[in-house]
Amino acid sequence: MADTSAPEIPDDLIELKCRFLVLDAQQARFVKTLPASTDIAAGKVQLNDEQRAALTAMQVELTELAVQIHRHPFLVALTPVPVDRYAADRAATKAARAQLNHEAPAA
């Protein structure tokens, strides 16, 4: 009988996902402290150099993490079957969220 259980998500992939989720939440909180994007677009206000640098640094790190996740060998091995890759990515995200919430992931 073939093994139909889902493959175990590697710890390093879960750690990458955790780092991504934490930084994404930090960026969301930071963006809420900035002037409204409509005011920035209308030229009513501008970000100062410190705000711009912090936002850029977060965006660069998030992009780097996304690339590392996308290119993770575990996910790359599943590339010929996109549905499997998507399911594995969602499972890794679920495991990362559980780890961040100090819970055991649900089966």
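Residues numbered from 1 in each chain as written. Predicted model: local features only at pLDDT ≥ 70, side-chain atom pairs only at ≥ 80, totals over all residues. Heavy atoms only, no water.

Summing up its helical and strand segments, the chain has five helices and zero strands in all. Shown N-terminal to C-terminal, the secondary structure of the chain runs as helices and strands in the order α-α-α-α-α. The burial tally for the chain puts 27% of its 107 residues in the buried class. Within the chain, contacts between residues separated by at least 24 positions form 65% of all contacts whose residues are at least 6 apart in sequence. (Helix = DSSP H or I, 4+ residues; strand = E, 2+ residues; numbered from the N terminus. Buried < 20%, exposed > 50% of the residue type's maximum accessible area, 1.4 Å probe, protein only. Contact = heavy atoms within 4.5 Å.)

Before going further, it helps to examine the environment of Leu 13. For Leu 13, the position within the fold is in helix H1 (residues 11–32). Under the relative-accessibility criterion, Leu 13 is labelled buried at 0%. A sequence separation of 56 residues divides Leu 13 from Ile 69, and the C-alpha atoms of the two residues are 6.7 Å apart. Those residues within four positions of Leu 13 in sequence are excluded, and the remaining contacts are Ile 69, His 72, Phe 74, Leu 75 and Ala 92.

Relative to the helices and strands, His 72 resides in the loop between helix H3 (49–70) and helix H4 (73–76). Taking relative accessible area as the criterion, His 72 reaches 6% and is therefore assigned buried. Other than its neighbours up to four places away in sequence, His 72 contacts Pro 10, Asp 12, Leu 13 and Leu 16.

Within the largest apolar cluster, 22 residues are counted, with the highest numbers of intra-cluster contacts made by Ile 9, Leu 13, Ile 14, Phe 74 and Leu 75. Counting only elements with at least two residues in this core, the list comes to H1, H3, H4 and helix H5 (82–100). At seven residues, the largest contribution of residues to this core is made by H1. Setting aside anything within four residues of it in sequence, one finds Leu 75 in contact with Leu 13, Ile 69, His 70, Arg 85, Ala 88 and Asp 89. (Core = buried A, V, L, I, M, F, W, Y, C linked by side-chain atoms within 4.5 Å.)

Attention now goes to the pattern of salt bridges. Scanning all chains against the criterion turns up three salt bridges. Between Lys 17 and Asp 89 there is a salt bridge whose closest N-O contact spans 2.8 Å. Of this pair, Lys 17 sits in helix H1 while Asp 89 sits in helix H5, and the two are 72 residues apart along the sequence. Here Lys 17 falls in the buried class, since its relative accessible area comes to 9%. (Salt bridge = Lys/Arg side-chain N within 4 Å of Asp/Glu carboxyl O.)

Our focus in this paragraph is the packing of H1 against H3. In the contact formed by H1 and H3, the axes pass within 10 Å of each other and the chain directions differ by 155°. On the basis of the axis angle, H1 is roughly antiparallel to H3. Between H1 and H3 lies a crossing of left-handed hand. Across the interface between the two elements, Leu 13, Leu 16, Lys 17, Arg 19, Phe 20, Leu 23, Asp 24, Gln 26, Gln 27, Phe 30 and Val 31 from H1 touch Gln 51, Ala 54, Leu 55, Met 58, Gln 59, Glu 61, Leu 62, Leu 65, Ala 66, Gln 68 and Ile 69 from H3. Looking at side-chain class alone, the contact of H1 with H3 contains 13 nonpolar, five polar and four charged residues. (Axes fitted to C-alpha atoms, helices over the stretch in contact; angles between N-to-C directions. Parallel < 35°, antiparallel > 145°, perpendicular 65-115°, else oblique. Left-handed = near helix turned anticlockwise from the far one by under 90°. Nonpolar A, V, L, I, M, F, W, Y, C, P; charged D, E, K, R; others polar.)

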